[in-house]
Amino acid sequence: MTKQLSRNRRSFIQATASAGALASLGAPVFAQSAPLTFKWANNIPVTHPSNIRVREAVDAIKKESNGRVDISVFPNNQLGGDTDMLSQVRSGAIDFFPLSGLILQTLVPLAGINGLAFAFKDYQTVWQAMDGELGAYIRAAIGKVNLHSFDRILDNGFRNITTSTKPINTAADLQGFKIRVPVSPLWTSMFKAFGSAPTGINFSEVYSALQTRVVEGQENPLAIIDIAKLYEVQKYCSMTGHMWDGQWVLANGRRWAATPADVQALITKHVTEAVMKQRDDIRRLNNGLEAQLKAKGMVFNYPDVKSFRDALSKAGFYKEWREKFGEEAMGKLEKYAGKLA
Ligand code: X2X
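Residues numbered from 1 in each chain as written. Predicted model: local features only at pLDDT ≥ 70, side-chain atom pairs only at ≥ 80, totals over all residues. Heavy atoms only, no water.

**Description of the overall build of the chain**
Put simply, the rule is: Secondary structure follows DSSP: runs of H or I at least 4 residues long count as helices, runs of E at least 2 residues long count as strands, and numbering of each begins at the N terminus. Only C-alpha atoms enter the radius of gyration; for comparison, a globular chain is expected to reach 2.2 Å times N to the power 0.38, where N is the number of residues. Should any heavy atoms of two residues lie within 4.5 Å, those residues are counted as being in contact. Note on areas: Shrake-Rupley with a 1.4 Å probe; residue coverage comes only from the protein chains shown.
For the chain, the count of helices and strands is 15 helices and twelve strands. For 341 residues, the compact-globule estimate of 2.2 N^0.38 gives 20 Å, and the C-alpha radius of gyration of the chain, at 22 Å, lies within 12% of that figure. Contacts in the chain between residues far apart in sequence, at least 24 positions, make up 76% of those at least 6 positions apart. With an accessible surface of roughly 14,900 Å², the chain has 55% of that area assigned to carbon and sulfur atoms.

Here it is as C-alpha cells:
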C-alpha cells in the first residue's frame, strides 16, 4: 500500500514537473510553428568524428522536434574555405560553423590564446581550462562580435608537423622551412619565430599545396592527417605536439537570438552531446592512428620539445603574445597551464 502510494506520488510529481518544464520551454512551438531550417557548414571530410557526431545530432534534433527543426550539413569546405565560411556565419548565410579559435583570432584576437605553443601538457589540463574559466572568458569575447558560441569546444587535437622532405628533430630544422599554416596571426607568428617561411592557406587548399610542393610541410593532429589523406603527399611525421587546437561551434548571433527558447534548448542539448562523444572518438583515434599511418608509409620521430620552446622564448614569441593577450587573459591560461616562458 505504502509502495503503491509512493509510486503514485512519484508519477504525480514527474507529471507535474514535466508539465512545468514544457510550459516554461514554450512546448507548443514544435507543434505549431513553421518549420525552422538551418545550415551547418565545416572544413572537415565526412568521415571525421566531427561530422559523424553532427549527423547524429541533426537527426536527433529533427526527430525530437517532429521534423520541425531541420539542419542541413555541408561538410568538407563545400561552401568555401574557413575564411569564407567565417564571413558567411557572420552575415547569416550559414547558421552554424565550427571553427578553430586560432582562425577566429582574425576577428576575436583573444580566441587564439589556447594555441600558445606548448601551453597544455595533456588533455586533462585542456578540458579543465576550456570547460572552465579560460573557455568562459574566450566565449564572452566571441559573444561581442554577433556570434554565439556553444559552451563545449570540439577537439581537434595536439598538432604535429608533417613534411615531404625531412624529419623535424630540433627547432633548427625549421629554419627556412616552407610550411603551410592556417590563416591566423598566432600560427604565422610562431613559425616566423622558428625562422620558417609560413604561408597562411585555408584547409580546403592544403592537400593540393602539399602535392604541388608549394609548401614542404604542414602541421595537424593525427586524426586530420589520416582522414584528409595527407599521408599520400607527406612522408615524415614529427610528434612535436606543439599546441592544442579545438573548434568552437559558432552560430550567427541574430539568428540564434531569434530562435525560440525550446529550439535553442533542443539544439544545445544535442550539440553538447555530440561534442562530448566527438572528444572521446578523437582520443580513441589518436591512440591507434600512429600504427596505421606507419603502415601507410609515414616515418615517425619524437623530438625533444626543449629546443622548440627555447627557440620561441629567444625570439620573443611568448613576450610578444603576453603583451597582445594581456595579463588578465594570460592569468586565466596560466591558472591551468602553469607559467609560460
Ligand atoms: O586547417 C587546419 O589545419 C585544421 C583542419 O586543423 C583546422 O581546422 C584548424
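**Some details on the site of the ligand**
Put simply, the rule reads: By convention in these notes, a residue is near a molecule or strand provided one of its non-hydrogen atoms lies within 4 Å of it. Under this definition, polar contacts are N or O atom pairs within 3.5 Å; protein pairs additionally need one hydrogen-donor-capable and one acceptor-capable atom, and for neighbouring residues in sequence, both atoms have to be side-chain atoms. Three residue categories are used. Nonpolar comprises Ala, Val, Leu, Ile, Met, Phe, Trp, Tyr, Cys and Pro, charged comprises Asp, Glu, Lys and Arg, and polar comprises the others, including Gly.
The full set of residues close to the ligand is Asn43, Ser100, Ile103, Asn156, Arg159, Arg180, Pro182, Phe203, Asn220, Ile224, Asp245 and Gln247. Asn43 places a side-chain nitrogen or oxygen 3.0 Å from an oxygen atom of the ligand. For the ligand, an oxygen atom lies 2.9 Å from a polar atom in the side chain of Arg159. Contact with the protein chains removes 100% of the 270 Å² of surface that the ligand exposes when unbound. The class makeup of the residues in the shell around the ligand is four nonpolar, five polar and three charged.

**Some remarks on the nonpolar core**
We apply this condition: We define a nonpolar core as any set of buried Ala, Val, Leu, Ile, Met, Phe, Trp, Tyr and Cys residues linked to one another through side-chain atoms lying within 4.5 Å. Each residue is placed in one exposure class: buried if its accessible area under a 1.4 Å probe, protein chains only, is under 20% of its type's maximum, exposed if it is over 50%, and partly exposed if it falls in between.
One finds Leu104, Ile113, Leu116 and Phe120 to be the most contacted residues of the largest nonpolar core, which totals 58 residues. Among residues more than four places away in sequence, those in contact with Phe120 are Asn114, Thr125, Val126, Ala129, Met130, Leu134, Phe158, Trp244 and Leu333. With 21 residues, the next largest nonpolar core counts Ile282, Leu293, Met298 and Phe300 among its residues.

**Section: the environment of Ser238**
With respect to the helices and strands, the residue Ser238 is situated in strand E10 (residues 236-238). Expressed as a C-alpha distance, the spacing of Ser238 and Glu219, which sit 19 residues apart in the sequence, is 9.2 Å. With sequence-adjacent residues up to four places away left out, Ser238 is seen in contact with Asn160, Ile161, Pro167, Ile168, Asn301 and Pro303.

**Thoughts on the packing of aromatic side chains**
Using the following cut-off: Centres within 6.5 Å make a pair out of two Phe, Tyr or Trp rings, where for Trp the six-membered ring is used; the pair is then stacked when the planes are under 30 degrees apart, edge-to-face when over 60, and tilted otherwise.
Evaluated as defined, the whole model comprises twelve aromatic pairs. A ring pair is formed by Phe317 and Tyr318, whose centres lie 5.3 Å apart and whose planes are at 75 degrees; its orientation type is edge-to-face. When sorted by exposure, Phe317 lands in the same class as Tyr318, which is buried. Considering the side-chain rings of Trp321 and Phe325, the 5.2 Å spacing of their centres and the 40 degrees angle between planes classify their relative orientation as tilted. A residue pair is termed a helical-turn pair when its members lie 3 or 4 positions apart in one helix, as Trp321 and Phe325 do in helix H14 (residues 317-325) at four residues. Residues Trp321 and Phe325 agree in their burial class; the two are buried. Aromatic ring contacts, followed pair by pair, group Phe38, Trp40, Phe96, Phe150 and Trp256 into a single cluster.

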